[in-house]
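In case you want the letters, here they are:
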Amino acid sequence: MLRWADPLGLFWRSRPLEVPARLEAYPQTHGVLLPDLLRPLLSEGQMTRNLGLSDPISLRGARTYVPGDAPGQIHWRLSARSMSIPGGSAGLPMIRELEHTAASSVTIYLDAGGDATYLESAVRLAASLAAQAWADGLPVSLGTSQGETPLGRTPEAQRAVLRALAELGRSEEGESPQLRPPRQGTNLLVLTQFAPPELVAQAMRARATASRVAIIALPEGFYLEPGEKPRKQWAGAPDTVRQLEKQAGVLAERGVLVFVLRGNQSVLRLG
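The following paragraphs examine the structure supplied in this document. Quantities reported herein were computed from a predicted structural model and do not represent experimental measurements. (Residues numbered from 1 in each chain as written. Predicted model: local features only at pLDDT ≥ 70, side-chain atom pairs only at ≥ 80, totals over all residues. Heavy atoms only, no water.)

Scanning the protein chain from N- to C-terminus turns up seven helices and 10 strands. Within the protein chain, the proportion of its 271 residues that are buried is 42%. For the protein chain, the proportion of contacts with a sequence separation of at least 24, taken over those separated by at least 6, is 73%. With an accessible surface of roughly 15200 Å², the protein chain has 54% of that area assigned to carbon and sulfur atoms. (Helix = DSSP H or I, 4+ residues; strand = E, 2+ residues; numbered from the N terminus. Buried < 20%, exposed > 50% of the residue type's maximum accessible area, 1.4 Å probe, protein only. Contact = heavy atoms within 4.5 Å. Areas by Shrake-Rupley, 256 points an atom, 1.4 Å probe, with all protein chains shown as cover.)

In structure tokens:
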């Protein structure tokens, strides 16, 4: 309703206006305590050689060759010098040990191939992870089988992620997940219910450019959110999730972390 008056305020008039309006209802979010999952400092720990992206201009030091090291990391001059010394390095070449970069952004991929209960829980978890990443100053993008939102931390980028989550629908039966190659150095979080083998294979290929890849499976379709009471579990995880748990050790060696969130586990304890 538009109301106006003359300059003296003596005579008022009003008229209804036909104005198009749009109401957007964004997903609910909750607090999460996942600094290691969102901000991985991959230059620390025992898995330094396997995790993170090498920074070619930052040389940490040199060490003896270990099976599995890339030939491109061999320090040829130092290797020749050490091999010329009697007993030096036991005849093994020397490897350039580089610093590793941490994640500079977060990409959340939501697999919509699950039931309605899973989709509601996954949307809230994705929105909560995105909100925490924005609070930490990290740019975020959301990926689905339909596409990916622009990467950023501006209000427009945040609305794009939340709008995509609000409008997300279940995948058609038989539709395969489409995980596109992530940006260089991003931290990729994959949310799924059944963890189909093709999605796991795509996550492994994504590790070529991502600084870290984490597969978060919700086999029951839901998890224990903050403030909720534990729920009884009447059945075990699907076969695909059990197979994912068996492969967790091998995947971790390749920089792909696996988290299985059961319906009686709190997201605050994830990881």
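Here the narrative resumes.
In globular proteins that are soluble, nonpolar side chains generally tend to be buried together. Core analysis: the biggest nonpolar cluster contains 32 residues, and Ile108, Leu110, Leu125, Leu165 and Leu191 have the highest contact counts within it. Secondary structure elements with two or more residues in this core: strand E5 (106-110), helix H3 (116-135), strand E6 (140-144), helix H4 (155-167), strand E8 (187-192), strand E9 (212-217) and strand E10 (256-260). If one sorts the elements of this core by residue count, H3 sits on top with 11 residues. Dropping the residues within four chain positions of it, leucine 110 is found in contact with Tyr118, Leu119, Ala122, Val123, Ala126, Gly143, Thr144, Leu165, Leu168 and Leu191. Leu199, Ala203, Leu244 and Val256 belong to the second largest nonpolar core, which has 19 residues in total. (Core = buried A, V, L, I, M, F, W, Y, C linked by side-chain atoms within 4.5 Å.)

Quick look at a nonpolar patch on the surface now. A cluster of nonpolar side chains, contributed by Leu2, Trp4, Leu17 and Val19, occupies part of the molecular surface with about 390 Å² of accessible area. The residue leucine 2 is located in strand E1 (residues 2-5) in this model. (Patch = residues over 30% accessible without salt bridge, like charges linked within 9 Å, V, L, I, M, F, W, Y side chains within 5 Å. Salt bridge = Lys/Arg side-chain N within 4 Å of Asp/Glu carboxyl O.)

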